[in-house]
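Fold and geometry: a report
Take a look at the letters that make up each chain.
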Amino acid sequence: MKTTLTAFQRNFRQAREAADRGDIVIVSGEHADYVFERRAASSDHPFTGLEGVFGAVTLPRDHATIRDKVRQRLTAKNRHRRRRTA
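This section reports on the structure supplied with the text.

With that out of the way, let us pick up the pattern of salt bridges. Counted under the stated rule, the structure contains five salt bridges. The salt bridge partner of Arg-21 is Asp-23, with a shortest N-O separation of 3.5 Å. Among the residues examined, Arg-21 registers a relative accessible area of 59% and is labelled exposed. Across the pair Asp-62 and Lys-69 runs a salt bridge whose closest N-O atoms are separated by 3.7 Å. If you follow the salt bridges from partner to partner, you end up with Arg-16, Asp-20 and Arg-38 in one network.

Set out below in structure tokens:
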């Protein structure tokens, strides 16, 4: 089914019914054509099949506890406020 953007907006119910039947609805816009079709239910992993598009990144494991990280940040922030011991 091929339609214009205005006709698609006005007759969305008919386009939806066509998509539910398995037809592909092509909507002609000013600068591009858009495809409206029914898709199967999404999988648990949304990036299935896109492994070649995205690079894989592995972050290094940091074995410090959250408490130690907070202490390190506070120490770095408050270094100029050290207590002087006489």
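Here the focus is a nonpolar patch on the surface. Together, Ile-66, Val-70 and Leu-74 make up a nonpolar patch on the protein surface, roughly 280 Å² of accessible area in all. Positionally, Leu-74 belongs in helix α3 (residues 66–77). When its relative accessible area of 44% is taken as the criterion, Leu-74 is described as partly exposed.

Below, the discussion takes up the nonpolar core. Phe-8, Ala-15, Ala-18, Val-25 and Val-27 together form the largest nonpolar core, which totals five residues. Elements that contribute at least two residues to this core include exactly α2 (12–21) and β2 (25–28). Ignoring anything within four residues of it in the chain, the contact list for Val-25 reads Met-1, Thr-3, Phe-8, Ala-15, Ala-18, Ala-19, Tyr-34, Val-35 and Phe-36.

Scoring rules and cut-offs
Residues numbered from 1 in each chain as written. Predicted model: local features only at pLDDT ≥ 70, side-chain atom pairs only at ≥ 80, totals over all residues. Heavy atoms only, no water. Salt bridge = Lys/Arg side-chain N within 4 Å of Asp/Glu carboxyl O. Buried < 20%, exposed > 50% of the residue type's maximum accessible area, 1.4 Å probe, protein only. Patch = residues over 30% accessible without salt bridge, like charges linked within 9 Å, V, L, I, M, F, W, Y side chains within 5 Å. Areas by Shrake-Rupley, 256 points an atom, 1.4 Å probe, with all protein chains shown as cover. Helix = DSSP H or I, 4+ residues; strand = E, 2+ residues; numbered from the N terminus. Core = buried A, V, L, I, M, F, W, Y, C linked by side-chain atoms within 4.5 Å. Contact = heavy atoms within 4.5 Å.

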